[in-house]
Number of protein chains: 2
Amino acid sequence: MKKVLVIGGVAAGLKSAAKVRREDPEAQITVLEKGSLISYGACGMPYYVGGLIADVNEFMKTPAGAMRNPSFFKNVKDIDVRTRMLATAINRSGKTVTVKNLETGEEAELPYDKLVIATGATPVKPPLPGIELGGIHQFWHPDDAAMVRTRIDSGEIKTAVIIGAGLVGMEMAEAFKTRGVDVTVVEMKDQVFPAFLDVEIAGAVAKYATENGIKLLTGEKVERFNGNGVVKEVVTDKRSIPADIVILAIGVKPNVELAKAAGLAIGPTGAIAVNEFMETSDPDIYAGGDCVENTNIVSGKKVFAPMGSTANKHGRIIGENISGKRIKFRGVLNTVVVKVLNLNVGKTGLTEREAKELGYEYVTALVAGPDKPHYMPGSKPISIKLVVDAASRKLLGAQAFGEGEVAKRIDVMAAVLTLGGTIDDLFDIDLGYAPPYSSPIDNVAVAANAVMNKLTGKFKGISALTAKEKMDQGTAVFLDVRSPEEYNQIRIANCRGVKNIPLGQLRNRLGELGKDEEIIAFCKISLRGYEAACTLEGAGFENVKVMEGGIVAWPFACEK
Amino acid sequence: MKKVLVIGGVAAGLKSAAKVRREDPEAQITVLEKGSLISYGACGMPYYVGGLIADVNEFMKTPAGAMRNPSFFKNVKDIDVRTRMLATAINRSGKTVTVKNLETGEEAELPYDKLVIATGATPVKPPLPGIELGGIHQFWHPDDAAMVRTRIDSGEIKTAVIIGAGLVGMEMAEAFKTRGVDVTVVEMKDQVFPAFLDVEIAGAVAKYATENGIKLLTGEKVERFNGNGVVKEVVTDKRSIPADIVILAIGVKPNVELAKAAGLAIGPTGAIAVNEFMETSDPDIYAGGDCVENTNIVSGKKVFAPMGSTANKHGRIIGENISGKRIKFRGVLNTVVVKVLNLNVGKTGLTEREAKELGYEYVTALVAGPDKPHYMPGSKPISIKLVVDAASRKLLGAQAFGEGEVAKRIDVMAAVLTLGGTIDDLFDIDLGYAPPYSSPIDNVAVAANAVMNKLTGKFKGISALTAKEKMDQGTAVFLDVRSPEEYNQIRIANCRGVKNIPLGQLRNRLGELGKDEEIIAFCKISLRGYEAACTLEGAGFENVKVMEGGIVAWPFACEK
């Protein structure tokens, strides 16, 4: 009878235990969890704080409403889950784990045939003056969520400061905003979502968040917290901000101490090294979830990418392999989808910045357009940026944002990336088409087509960033080919040298433009901008570019 | 200066014309359209009838609000679009087309270097007695939509009968239902969506439609229409149904007469034959859109699959190839997504029926589950059925339905099919995960995993159809492992031999089941059913199956 011991009772740990049980009714399976709660869906916690979810216990329930507590695992799966049990050492030669009961202080040695390390990760706590003040919260455990929500519900929170504009930070910003709290996000890097968005995409997301009431301070460093027992103020290198509550969301680090002390290999990212079978450097010890490193499928590089979805896959593969299979984990795409108020944001594969750092010869395109036919109620714009290997035409990565449907497009591109597909493959997919869901030519196909046209030289794009530089230098003519009505409604602010010639009049008003001028054509989404550029080039203009993404993706100020 | 002549001014025709213009500023491009409207989005018309869209002209507008009429195409794209012009003959030796002006009756010969046939398709009109009565509508053109809506708005329509339970039929059923009209759909075949759903999936869709007020009469043949100038009654082989309006939606046939008369090859499906470059049997004549046949990417077989999305792709490829490129059209997956009230339905690749007919050795799995974490508001179940080649593990096709998000999953599987991927690829995709969008293990990964478990013999599924047969014969024990509360709320109707043992009690109540009995385990979505089967097999029960999809996908009656 095989003894399987699992350290960690959240995602990867319990998943691997459950999988072993399904494969092997005889195995003796024990799960050790140092906390008192197990198997909780931590990713949903911002929505509990935001008021969408009534009861924090929902995160511990099955879809059918049963509490996933130790007696559930005992009765349903015959798995022995022990909470408040801390694994303090792994004795590899004797194949035992030293365990301390956190209630009684007792220690014991538990034997294993196969061991699973699923110790997770811990939020980083910066060693700043005042960090020990009350009201400064990590946000990693249901207890954190319960505490934050209780304080909001009591009405004592008027102002919140979030440190870090990553996933947890921005989701919590939404939660506070939804609850009517004045919220400021302070980010040391000079953009939101620095881990996974290129700067111009981050700019557009930041513009949206700011316009919708989330205060964003990027490129700003927190120096200390002031208060009297309880935090009252966050002091940065630029200002001080009143704060009734502070959320620390500057990232997490893998819990590797136990593995390290046992002499298991730690990878270049600082997380536990595992091979494709999820085995550590000791073949009787597996590791999975937030404490291990992954391989990026596109780049082949090791990455630290803690994700609930990945942890669950790890768990399945560990369970299968403990039961005698040899199943490989292919790796990750560092895919992210995140909601910021009503804006959907996503990324899969490599960003342009990563592609550049890795030395790829790449081409990018950014296209904007409605997510379904414009005549359908609820049609909203989305913008998609592709990063493509120029020689092989292989997709390297994609980013998308908009109030329209983004997650679907990210998932389709993740599928193409997983299978090593090209932009031609992406264009060719026979995607489902019906007006409630999509346009006849889906946004991903439009984006693929834009890259194709760039590769043949037909489509000469210019990014909003470069266009802005030219605008500030006054070296180019900005040609807005929208209707005067659209122009009067909203337009790029402080745009020097702008000409508004509606597309339908352009062929008759060519004389208003100089053939030797650099012309940057655009419209709301730059589809008409592209049409205008084709018209101008057909008429002999030689220096015409299309501003990619148009007004919709313009990350700088507009005036109305 | 190249002369490009296009016959047909809706999707494929105008798209090819626009693409030629972008590639070739010099070309002389003429588009002939026999009707008075061009470039309309016909797919949105049911939503106009249903009241979601205010103005039928929206279908002819660009996203920016400009009318796509001949002067728009002249001014913006320098394309000469002539409406009410009927092409009556193609003279291939002289490279001209005979054109009749439908306003004046005048005839003319127009020369071409390259010709595009985009003549579309026409709804089938069955030669039944009474078919000429007023109030019997085709539904293919904005004029049809305008007429139907005007009649509903006037209040004169109390009862509607739709002939055909395909895409247009069911979308129109939703439209009438939304407008408070009593609606009956009559379908000759014995299921809804006979062209693209397997029978048990169609059964579940039909159950939903019926429970939500759409009357469905399948396996019933219309014999005649009665009325006095205007239709009043539809007579089938089983009954007569009062009808203030009748919509004919039994399918379309490709308009091939012009091509046929010119001696161009017609394919086995009856549509115009084209090669992968969209060339007809005459290399100076291209054809695209609803009048041509396509190749199914999975089976390699020719199919007639008219779709607005496909027509637009054809148009792009034709335009590129006329301009000197050699771009291939890869084919279609016969992908469909369709909304029936609040139920989302989709299909891509092959159905089980098609896989069987084509001689594949396949395995299927049907899984049900929430489309995002159960704790998120708005989480709704969806069911996914996969059809997989048993030896190669390649995905052959997928169907899905549910009130939850279906279109995304269909598109992801369409991507995998396009790239020839396996269920292992499908499982491995690093899909975007965040609670507003999806669960950590997405439904498509669960489905892929179910097929893997079937292939190893670990998961022994039984379809609802086979289970129902066994229930009627009384040969099996039905083991419902939900809680008593769930059981009291809703359960399979007339279920003989059902035992309700909650999963958590099963290990202690094994004595209530016989080891020699055939046991069919299930729950709401059959995840606990699978767990129960694993428990029973572990305890030595040898004839245990899991009813796939559980209560959620059960296509027969339930009682509450």
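Residues numbered from 1 in each chain as written. Chains lettered and ligands numbered in written order. Predicted model: local features only at pLDDT ≥ 70, side-chain atom pairs only at ≥ 80, totals over all residues. Heavy atoms only, no water.

## Section: the overall build of chain A
Part 1 of the reasoning: A tally of regular secondary structure across chain A gives 17 helices and 32 strands.
Part 2 of the reasoning: Taken over C-alpha atoms, the radius of gyration comes to 26 Å for chain A, in line with the 24 Å a tight globule of 560 residues would show.
Part 3 of the reasoning: Principal-axis analysis of the C-alpha atoms gives chain A an extent of 90 × 55 × 40 Å.
Part 4 of the reasoning: Looking at chain A as a whole, 60% of its 560 residues qualify as buried.
Part 5 of the reasoning: For chain A, the share of sequence-separated contacts (at least 6 apart) that also reach a separation of at least 24 residues comes to 63%.
Part 6 of the reasoning: Across chain A, the centroid of the 68 positively charged side chains sits 1 Å from that of the 67 negatively charged ones. (Helix = DSSP H or I, 4+ residues; strand = E, 2+ residues; numbered from the N terminus. Rg over C-alpha atoms; globule rule 2.2 N^0.38 Å. Buried < 20%, exposed > 50% of the residue type's maximum accessible area, 1.4 Å probe, protein only. Contact = heavy atoms within 4.5 Å. Lys, Arg positive; Asp, Glu negative; His and termini not counted. Charge placed at Lys NZ, Arg CZ, Asp CG, Glu CD.)

## Some words on the sheet that holds strand 15 (residues 240-242) of chain A
All names here are of chain A.
Part 1 of the reasoning: An order of 13-14-15 is seen for the 3 strands of this open sheet, with the pairing classed as antiparallel. For this open sheet the edge positions go to strand 13 (222-228) and strand 15, each flanked by a neighbour on one side alone. Strand-to-strand twist across the sheet, computed as the mean angle between neighbouring axes with direction ignored, equals 30°.
Part 2 of the reasoning: Sheet analysis places strand 13 next to strand 14 (residues 230-236), joined by 6 bridges and oriented antiparallel. If you follow V222 over to strand 14, its bridge partner there is T236. (Pairing = 2+ DSSP bridges. Axes fitted to C-alpha atoms, helices over the stretch in contact; angles between N-to-C directions.)

## Remarks on the environment of L417 of chain B
Residue and element names in this part refer to chain B.
Part 1 of the reasoning: Considering the arrangement of structural elements, one finds L417 in helix 10 (residues 407-418).
Part 2 of the reasoning: Along the sequence, L417 and L333 sit 84 residues apart, while their C-alpha atoms lie 7.9 Å from each other.
Part 3 of the reasoning: Every residue in contact with L417, bar those within four places of it in the chain, is listed here: I297, V298, L333, T348, G349, L395, L396 and G397.

## Focus on the nonpolar core
Nonpolar side chains tend to gather and get buried jointly when the protein is soluble and globular.
Part 1 of the reasoning: Core analysis: the largest hydrophobic core is formed by 212 residues, its most contacted members being I90, I117 and L386 of chain A together with I90, I117 and L386 of chain B.
Part 2 of the reasoning: Setting aside residues no more than four positions away along its own chain, I117 of chain A makes contact with I7, I90, A259, L264, I272, I285, Y286, A287, G288 and C291 of chain A. (Core = buried A, V, L, I, M, F, W, Y, C linked by side-chain atoms within 4.5 Å.)

## Notes on the environment of L343 of chain B
Part 1 of the reasoning: Its location among the elements puts L343 of chain B in strand 22 (residues 343-349).
Part 2 of the reasoning: For L343 of chain B, a relative accessible area of 4% corresponds to the buried category.
Part 3 of the reasoning: Note: C-alpha distance between L343 of chain B and K158 of chain B (185 residues apart in sequence) is 24 Å.
Part 4 of the reasoning: In contact with L343 of chain B, not counting residues within four places along its chain, are Y437 of chain A together with V205, Y208, V338, G402 and E403 of chain B.

## Regarding the domain arrangement of chain A
Residue and element names in this part refer to chain A.
Part 1 of the reasoning: Examined at the domain level, chain A breaks down into domain 1 (3-40 + 58-121 + 253-322), domain 2 (136-250), domain 3 (342-455) and domain 4 (461-559).
Part 2 of the reasoning: Using C-alpha coordinates to define each centre, domain 2 is positioned 37 Å away from domain 4.
Part 3 of the reasoning: Between domain 2 and domain 4, the residue contacts involve 5 residues of the former and 6 residues of the latter.
Part 4 of the reasoning: Ranking the residues of domain 2 by area buried against domain 4 places E200, A204 and K207 at the top, with a combined share of 82%.
Part 5 of the reasoning: Scanning the region where domain 2 abuts domain 4 turns up 0 salt bridges.
Part 6 of the reasoning: The residue makeup of the side of domain 2 that touches domain 4, split by class, is 2 nonpolar, 1 polar and 2 charged. (Domains from an automatic or database assignment. Buried area = accessible area lost by both parts, 1.4 Å probe. Salt bridge = Lys/Arg side-chain N within 4 Å of Asp/Glu carboxyl O. Nonpolar A, V, L, I, M, F, W, Y, C, P; charged D, E, K, R; others polar.)

## Digging into the relation of the copies chain B and chain A
Part 1 of the reasoning: With an axial shift of 0.0 Å and an RMSD of 0.0 Å, the rotation relating chain B to chain A amounts to 180°. The operation mapping one copy onto its partner corresponds to a two-fold rotation axis.
Part 2 of the reasoning: A share of 100% of the interface residues of chain B reappears at the interface of chain A, consistent with the copies meeting face to face through the same patch. (Least-squares fit on C-alpha atoms with pLDDT ≥ 70 in both.)

## Comments concerning the state of the cysteines
Chemically, a disulfide is nothing more than a covalent bond linking the sulfur atoms of two cysteines.
All names here are of chain B.
Part 1 of the reasoning: Applying the stated rule across the entire model yields 0 disulfides over all chains.
Part 2 of the reasoning: Take C43: it sits in no disulfide, and the sulfur closest to it among the cysteines is that of C291, at 16 Å.
Part 3 of the reasoning: We classify C43 as partly exposed; its relative accessible area is 29%. (Disulfide = S-S within 2.5 Å.)

## Details of the interface of chain B and chain A
Part 1 of the reasoning: The interface of chain B with chain A comprises 88 residues on the first partner and 88 residues on the second.
Part 2 of the reasoning: Summing the contributions of chain B and of chain A, the shared interface buries around 7,800 Å²; its carbon and sulfur component is 59%.
Part 3 of the reasoning: Across the contact surface, chain B and chain A share 10 salt bridges.
Part 4 of the reasoning: With its nearest N and O atoms 3.7 Å apart, the salt bridge here joins K408 of chain A to D411 of chain B.
Part 5 of the reasoning: In this structure, the connection of chain B to chain A is made through 34 residue pairs in polar contact (both at pLDDT 80 or more).
Part 6 of the reasoning: It is helix 10 of chain B that contributes the most residues to the side of chain B that touches chain A, 8 residues altogether. (Polar contact = N/O pair within 3.5 Å; in protein donor to acceptor, adjacent residues only side chain to side chain.)

## Re the sheet that holds strand 23 (residues 362-370) of chain A
All names here are of chain A.
Part 1 of the reasoning: If you walk across this open sheet you meet the 5 strands as 21-22-25-24-23, and the pairing is antiparallel. The open sheet has two edge strands, strand 21 (336-340) and strand 23, and neither has a second partner. Going across the sheet, the axis of each strand differs from the next one's by a mean of 10°, ignoring polarity.
Part 2 of the reasoning: In the sheet, strand 23 pairs with strand 24 (residues 381-389) via 9 bridges, with the strands oriented antiparallel. Bridged to A365 within strand 24 is L386.
Part 3 of the reasoning: In this fold helix 6 (residues 199-211) packs onto strand 21, strand 22 (343-349), strand 23, strand 24 and strand 25 (395-402), with an angle of close to 15° to the strand it touches most, strand 25.
Part 4 of the reasoning: Together, strand 23 and strand 24 form the strand contacts of helix 12 (residues 443-455), whose direction differs from that of strand 23 by roughly 140°.

## Some remarks on the pattern of salt bridges
Part 1 of the reasoning: Tallied over the entire structure, the rule returns 82 salt bridges over all chains.
Part 2 of the reasoning: Here E537 of chain B makes a salt bridge to K460 of chain B, at a shortest N to O gap of 2.9 Å. Of the two residues, E537 of chain B is situated in helix 16 (residues 527-538) and K460 of chain B in the loop between helix 12 (443-455) and strand 26 (461-462); the sequence distance between them amounts to 77 residues.
Part 3 of the reasoning: The class for K460 of chain B is partly exposed, based on a relative accessible area of 35%.
Part 4 of the reasoning: Linked through salt bridges whose partners overlap, the residues forming this network are K19, E23, R316, E320 and K325 of chain A.

## Observations concerning unusual backbone geometry
Residue and element names in this part refer to chain A.
Part 1 of the reasoning: Positive phi, normally seen in glycine, also occurs at F193, with a value near 45°.
Part 2 of the reasoning: Positionally, F193 belongs in the loop between strand 11 (182-187) and helix 6.
Part 3 of the reasoning: Judged by relative accessible area, F193 falls into the buried class, the value being 0%.

## Some details on the packing of aromatic side chains
Part 1 of the reasoning: The full count for this structure, using the stated rule, is 14 aromatic pairs over all chains.
Part 2 of the reasoning: Relative to F73 of chain B, the ring of F72 of chain B lies with its centre 5.3 Å away and its plane at 85°, an arrangement referred to as edge-to-face. Neither residue differs from the other here; F72 of chain B and F73 of chain B are each classed as buried.
Part 3 of the reasoning: A cation over a ring is seen here: K468 of chain A above F556 of chain A, with NZ or CZ 5.2 Å from the ring centre. (Phe/Tyr/Trp six-rings, centres within 6.5 Å; stacked < 30°, edge-to-face > 60°. Lys NZ or Arg CZ within 6 Å of the ring centre and 35° of its normal.)

## As for helix 5 (residues 167-178) of chain A
All names here are of chain A.
Part 1 of the reasoning: Compared with an ideal rise of 1.5 Å per residue, which puts 12 residues at 16 Å, helix 5 spans 17 Å between its outermost C-alpha atoms and is within 8% of the ideal.
Part 2 of the reasoning: Among all positions in helix 5, only G169, M170, E171, M172, A173, E174, A175 and F176 are buried.
Part 3 of the reasoning: Two residues or fewer past helix 5, G180 is found with a positive phi of approximately 80°. (Expected span 1.5 Å × (residues − 1).)

## Looking at the pairing of strand 16 (residues 245-248) of chain B
All names here are of chain B.
Part 1 of the reasoning: Of the two faces of strand 16, the one holding I245 and I247 and the one holding V246 and L248 are both buried throughout.
Part 2 of the reasoning: Sheet topology places strand 9 (residues 136-137) next to strand 16; 2 bridges connect them, and they run parallel. Looking across to strand 16, one finds that I136 is bridged to V246.
Part 3 of the reasoning: Strand direction decides the pairing type here: strand 10 (residues 159-163) and strand 16, joined by 4 bridges, are parallel. Note that in strand 16 the partner of I162 across the bridge is I247.

## Regarding helix 16 (residues 527-538) of chain A
Residue and element names in this part refer to chain A.
Part 1 of the reasoning: With 12 residues, helix 16 extends 17 Å between its outermost C-alpha atoms, agreeing within 8% with the 16 Å of an ideal straight helix rising 1.5 Å per residue.
Part 2 of the reasoning: The buried fraction of helix 16 amounts to 9 of the 12 residues, a majority that puts the element mostly inside the structure.
Part 3 of the reasoning: Considered for burial, the residues of helix 16 that qualify are R528, G529, Y530, E531, A532, A533, C534, T535 and L536.
Part 4 of the reasoning: Positive phi appears at G540, one or two residues downstream of helix 16, with a value of about 100°.

## Focus on the pairing of strand 30 (residues 519-522) of chain A
Residues and elements named next belong to chain A.
Part 1 of the reasoning: Residue alternation in strand 30 divides its side chains into two sets, I519 and A521 and I520 and F522, and both sets are buried.
Part 2 of the reasoning: Where strand 27 (residues 477-480) and strand 30 come together, 4 bridges link them in parallel fashion. Along strand 30, the bridge assignment pairs V477 with I519.
Part 3 of the reasoning: Bridge analysis of strand 30 against strand 31 (residues 544-547) gives 3 bridges, and the strand direction is parallel. Pairing of I519 across the sheet is with V544, part of strand 31.

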